[in-house]
Amino acid sequence: MDFLNTHLLSLILFIPSLAALVILFLPSEEHKFIRWTAFLASLIPFGLSVYLWIQFNPDLAGYQFEVKYAWYDAIASSLHLGVDGLSLTMVLLTTFLTPLALLASFNISDRVKAYMMLFLFLETGMLGVFLAIDLLAFFIFWEIGLVPMYFLINQWGSANRNYASLKFMIYTMGGSLGLLLGIQLFGVLFQTFDLAEIVAKWNMISPNATFGETTITFATIKTVAFWAFVVAFAIKVPIWPFHTWLPDAHTEAPTAGSMILAGILLKLGAYGFLRLVLPLYPEQAQYFSGALAFLAVAAIVFGALASYGQTDFKRLVAYSSVNHMGFVLLGVAAAARAVGTLDATIALNGAVLQMFNHGLSAAGMFFLVGVIYERTHTRDLSKYGGLFTLIPVYGGILIFTSMSSLGLPGLNGFISEFLVVRGSWPILTVYTAIAMLGLFFTGAYILKAIKNVLHGPLNEHWAQGEHKLTEINTREILVMVPLMALILVIGVYPAWILDVINKAMVMLF
Amino acid sequence: MNFPVLSVIVFTPMVAAALILLLPAEKRNEIRALALTAAAFALILSAWVYVQYLVNGMTGYQFVEKYDWLPALGISLIFGVDGISAPLVLLTGIVMFTGVLISWGIDDPHAPTGIQDRPREFFAFLFILASGVFGVFASLDLFMLFFFYEIAVFPMYLLIVIWGWVKTREYAAMKLTLYLFIGSVVALVGALVMYWTAGQTTGVYTFDMRALEAANFSQAFQNAWFLPVFFGFAVLGGIWPFHNWSPDGHVAAPTAVSMFHAGVLMKLGAFAALRVGVMLLPQGAQHWSWLIMTCAAVAVVYGAFIAFVQTDLKYMIGFSSVSHMGLVMLGVSTLNNNGLLGAGVQMFSHGIMTALFFAVTGMIYDRAHTREVPELGGMGKVLPYASIGFIIGGLVSMGMPGFSGFVAEFPIFMGVWSKQWLVAVVASVSIVITAAYIMRIIRGVFFGEMPEKLQGHISPLTALDKIAIVTLCLFMVGIGVFPAMMTPMVQTGVQHILSLLGGA
């Protein structure tokens, strides 16, 4: 037990990669065996994170379960891991969604081995971002996750996958350039990459000091670096106007890829805002909070409108991510403007919970799109119609999950969006008011999707013959059940998770 | 005196070349087996040097051997390695071994791969070249360094002219040889001036670089002679604007020679420029570092852009080498700890990576008879090892964290930051350009649909090809995941250079 407690984070982080290496040596024709190995292996980190959640003491400030391994001594970077309430929530989300996504991928029959390996490596990459508290290690995991995702889209995606995957890769890599340069600057200035140390030393630098032998003041450098970080994370979130890679990537990605992309990868960007941007640039964030709020509101409103305008079911869900993640940034902007106040804390609580909730509902929505696409081979909303009578169970699940996305009270989405709006209202009243209008369009596009797919006159094409639609099968239901259960639990009783988040937010900011 | 491991490493290929020439030309497989044995022997010894090299607190040269050669002129055969050259000796061993592996090929008159034309002479020349390369990395005597340098350059001409790509081999071989000879003559003049000047002031005429390091040349002397010496060697390192020979040479050379050429020979230039230019004329280096940095930064960005527009795989890799060697020079030009550390690792990392690129390209060319990216496609299905190897190389190339390229590039950029922030920002653009062309190549060559006329003509790789690919990949991933495998060693070499620079 002692070993478990001292190595808990490294076990969670590396077990997926280890499992991937084990799969490498399995015979590639044994599809079933490989699938089950991957799925069962991904349950181990989930079990460990539940254990982590239980063992975690939310009342302590700072990081817990810290471990530090020597990695790159020559430039003073180490593999330094630790969790606080913020990263804990994200770790739980990641380890929870990955097994579901793997289960959702059981229908993949093309190069199963490579697929499962990439997926498990992807999990390590994502967990690393949440767990690392060494800036260089953070960046490494941040970038390394791109590679499996690129290949998942490029190799298992649909028709336009080449364009989409390259766009995804170049956008994100290009966006991270500023982050990379910023991290290098920290390394040069402080000879360390330890996050806590950098935050402390960086904030001590006087704005009038100059950099090296140049006449550039740190006030300028901090402003430039602030925007470099914001752009890097905003691309990942994604925030309008940096979101254009997202609909393409989502639309072309295989179903499980979309689930992870929307469920977790987007959270990496939001996590970057909370973990790095706010602590490193409190003054700049405060100064530019209006701009951030503007971007957030633009994402909410344009995301909703764009979503409403789609005729492709998957693109509709993809744009809904822009819309929902906008609320996360709105919460961040509000907290940046009035840091330390009660309203700011409420907004941050909402933002973090919204990250978790969107992870659940977006993963569910993308999976459901995948389920129907697999049967009909179309995502065109006008080709469906009245399907509820044919597939009532699927219809029920789709409505339930959409309602979470729509923000129906009693389900999880309502809690987090309410908290964001409640916290932001006194701080950024006008922006929040406009964002509320965005909420109206959220309702509109969700209902549009439901109407087009499930209701209205039945499209006879799907009713009989070779195109007869089959009901959602047991495996697919099993993917949805845990998601729906958690959606409902958080909606009815959010205290168990909000307690952890709230204490973390109070101590962090 | 211990076992003279460095001289054994240096002369093993030479002796093997002589033995190979003694075998009858028809005994092709025996020739190859002998070559492989010699290469494996050299690889094991160089790995032994690498492992036995003492890291803790050491700064000087290790495994030093000294034999009088021409004592009257102060020329001796002195071998020794420091933290910069020990990895390069290992690199040469790896590239030599894998180069022999992939040259074995399939002896099928209808679909030959590897080297099937006069393998005896091919391996003999290749091994003479390898001896020269080992010699440059291990020499501590300036005269001997030149001696081995020329030995390394000359077989290149024959290898390209005889076994090269029919369309351009005469042109490329001539261009390459002339460029490199002119460069080395310029550097040789500088070296002789150093020899006379040091001799006049101290009274001891010697080519021993350990003595020349301590010669304390005057600032004016160093300023005047640094540029010829540095750039004379740096021509071989492919520094802009003297890089022009290099892509042509890469393209025309047969596969194993391209591997040697880009993997090791270009390091030879960068290494000699560092060893003779920076280490013997440190104040000169400080005086001119801005110029090197400018040339290097241009090479990094310009090379990446030119690589981006190529459609011929080999030209693409050739220009990407210019870009990556530019990063080595960029690291050298910082003259600080991080930059030099990164440059040292980058030399190794780039050597492995580009050797792998050329190996895979050669395998594809042997089968498809084209290197034009638009005419290729779908190779991933028939050549899975080649495609995974190329992808890993590509990730190294774009500096993806978790691979050796990142371990090298990150400190280089940190070094540049503390010297001149603008250069760091400009040079970082190359990362995205590199990602773009690597991704484009991977998609175009390995994925998508295979053109109809290639279908059914692509024979699988041999087991030896696979061993070569896996070996190279292991090093790139190993260093990427565990930088401690190499960085402490490079650090010892860097400490020595920094002490010559006046503890800067």
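Quick look at the structure, then. Note that the coordinates shown come from a computational prediction; the quantities given were computed from them, not determined experimentally. For every chain, the first residue of the written sequence is number 1, and numbering continues from 1 along that sequence. Each chain is given a letter, starting from A, and each ligand a number, starting from 1, according to the order in which they appear as written. Reporting in this predicted model follows two pLDDT cut-offs: at least 70 for local features of residues, and 80 or more for side-chain atom pairs to be given and counted; totals over whole chains, interfaces and linings ignore these cut-offs and use all residues. Only heavy atoms go into the side-chain values, all of them from the structure, while hydrogens and water stay out.

**Some thoughts on the overall build of chain B**
Applicable threshold: Numbering of helices and strands starts at the N terminus; helices are DSSP runs of H or I of at least 4 residues and strands are runs of E of at least 2. Burial classification: accessible surface area is computed with a 1.4 Å probe over protein chains only, and a residue below 20% of its type maximum counts as buried, one above 50% as exposed, and the rest as partly exposed. Contacts are assigned to residue pairs that have any heavy atoms within 4.5 Å of one another. Surface accessibility in these figures is a Shrake-Rupley result with a 1.4 Å probe; residues are shielded only by whichever protein chains are displayed.
When its secondary structure is counted, chain B shows 19 helices and two strands. Overall, chain B is about 70 × 55 × 40 Å in size when its C-alpha atoms are taken along their principal axes. The buried share among the 504 residues of chain B stands at 66%. Pairs at least 24 apart in sequence give 81% of the contacts found in chain B among residues at least 6 apart. Carbon and sulfur atoms form 68% of the exposed surface of chain B, whose accessible area is close to 16100 Å².

**Brief notes about empty space enclosed by the protein**
Under the convention used in this document: Grid points spaced at 1 Å over the protein atoms alone were grouped into cavities, where a 1.4 Å probe fits but cannot get out, and pockets, open sets with protein on both sides within 12 Å along at least five of seven lines, with lining residues defined by an atom within 4 Å of a point. Grid points are joined across faces, edges and corners, and a volume is the space filled by probe spheres set on the points.
Enumeration over the complete set of coordinates arrives at eight cavities of 30 Å³ or more. Space inside the largest cavity adds up to approximately 120 Å³. Forming the boundary of the largest cavity are 16 residues, of which Phe139(A), Leu180(A), Gly399(B), Phe406(B) and Ile431(B) lie nearest the centre. Among the elements that take part in the lining of the largest cavity, helix H8 (residues 161-190) of chain A stands out by supplying five residues, more than any other.

**Things to note about the packing of helix H16 (residues 342-376) of chain A against helix H17 (residues 392-406) of chain A**
Residue and element names in this part refer to chain A. Inclusion rule: Every axis corresponds to a line fitted to the C-alpha atoms, with the helix fit spanning only the stretch in contact, and the corresponding angles, defined between N-to-C directions, vary from 0 to 180 degrees. If an angle is under 35 degrees, it is roughly parallel; if it is over 145, roughly antiparallel; if it lies from 65 to 115, roughly perpendicular; otherwise it is oblique. Here a crossing is called left-handed whenever its near helix is offset anticlockwise from the far helix by less than a right angle, and right-handed whenever the offset is clockwise. The classification used treats Ala, Val, Leu, Ile, Met, Phe, Trp, Tyr, Cys and Pro as nonpolar, Asp, Glu, Lys and Arg as charged, and all other residues, Gly among them, as polar.
Two elements in contact, H16 and H17, have axes separated by 9 Å at closest approach and are oriented at 150°. Classified by the interaxial angle, the pair formed by H16 and H17 is roughly antiparallel. In this structure, H16 meets H17 at a crossing whose hand is left-handed. Contact residues: H16 offers Ser361, Gly364, Met365, Leu368, Val369, Val371 and Ile372, while H17 offers Tyr394, Ile397, Leu398, Thr401, Ser402, Ser404 and Ser405. For the contact of H16 with H17, a count of residues per class yields eight nonpolar, six polar and no charged.

**Details of the nonpolar core**
A general feature of soluble globular proteins is that nonpolar side chains tend to end up buried together. Under the convention used in this document: Nonpolar cores were defined as sets of buried Ala, Val, Leu, Ile, Met, Phe, Trp, Tyr and Cys residues, with membership established by side-chain atoms within 4.5 Å.
One finds Trp202(A), Phe313(A), Phe127(B), Phe230(B), Phe233(B), Leu330(B) and Met379(B) to be the most contacted residues of the largest nonpolar core, which totals 417 residues. A per-element tally of this core places H16(A) first, with 19 residues.

**Quick look at a nonpolar patch on the surface**
All names here are of chain A. In plain terms, the rule: Only residues whose relative accessible area exceeds 30% and that form no salt bridge are eligible for patches; like-charged ones are grouped when within 9 Å, while nonpolar side chains (Val, Leu, Ile, Met, Phe, Trp, Tyr) are grouped when within 5 Å. Salt bridge, as used here, is a side-chain nitrogen of Lys or Arg placed within 4 Å of a carboxyl oxygen of Asp or Glu.
On the surface, Leu18, Leu21, Leu24, Phe25 and Phe121 cluster together into a nonpolar patch covering about 500 Å² of accessible area. For the nonpolar patch, the leading source of residues is helix H2 (residues 8-24), giving three residues. With respect to the helices and strands, the residue Phe25 is situated in the loop between H2 and helix H3 (31-55). With a relative accessible area of 68%, Phe25 lands in the exposed category.

**Quick notes on the side chain of Arg120(B)**
Locating Arg120(B) in the fold gives a position in helix H4 (residues 119-138). A residue is classified by how much of its surface remains accessible, and Arg120(B), at 18% relative accessible area, is buried.

**Observations concerning the layout of surface pockets**
Residue and element names in this part refer to chain B. Here the second largest pocket is characterised by a volume of approximately 560 Å³. Lining the second largest pocket are 25 residues; nearest its centre among them are Gly114, Trp163, Pro254, Tyr365 and Asp366. Contributing elements (two or more residues each) for the lining of the second largest pocket: helix H3 (85-104), helix H5 (142-163), helix H10 (255-280) and helix H13 (337-368). Broken down by element, the lining of the second largest pocket gets its largest block of residues, four residues, from H13. Tallied by class, the residues present in the lining of the second largest pocket amount to twelve nonpolar, eight polar and five charged.

**Re the interface of chain A and chain B**
Here is the rule: Here the quantity called buried area is the total loss of accessible area, with a 1.4 Å probe, experienced by two parts when brought into contact, counted for both. Counting of polar contacts relies on pairs of N or O atoms within 3.5 Å, with two restrictions inside protein: one atom must be capable of donating a hydrogen and the other of accepting it, and residues adjacent in sequence are counted only when both atoms are side-chain atoms.
Listed as interface residues are 32 residues of chain A and, on the opposing side, 35 residues of chain B. The contact between chain A and chain B buries some 3000 Å² in all, and 80% of this surface belongs to carbon and sulfur atoms. Ranking the residues of chain A by area buried against chain B places Trp71(A), Tyr72(A) and Gln184(A) at the top, with a combined share of 19%. Our count for the contact surface shared by chain A and chain B stands at zero salt bridges. On the surface where chain A and chain B come into contact, there are four residue pairs in polar contact (both at pLDDT 80 or more). Where the side of chain A that touches chain B is concerned, the elements lending two or more residues are strand S1 (64-72), helix H6 (135-144), helix H7 (146-156) and H8 of chain A. The element that contributes the greatest number of residues to the side of chain A that touches chain B is H8(A), accounting for 14 residues.

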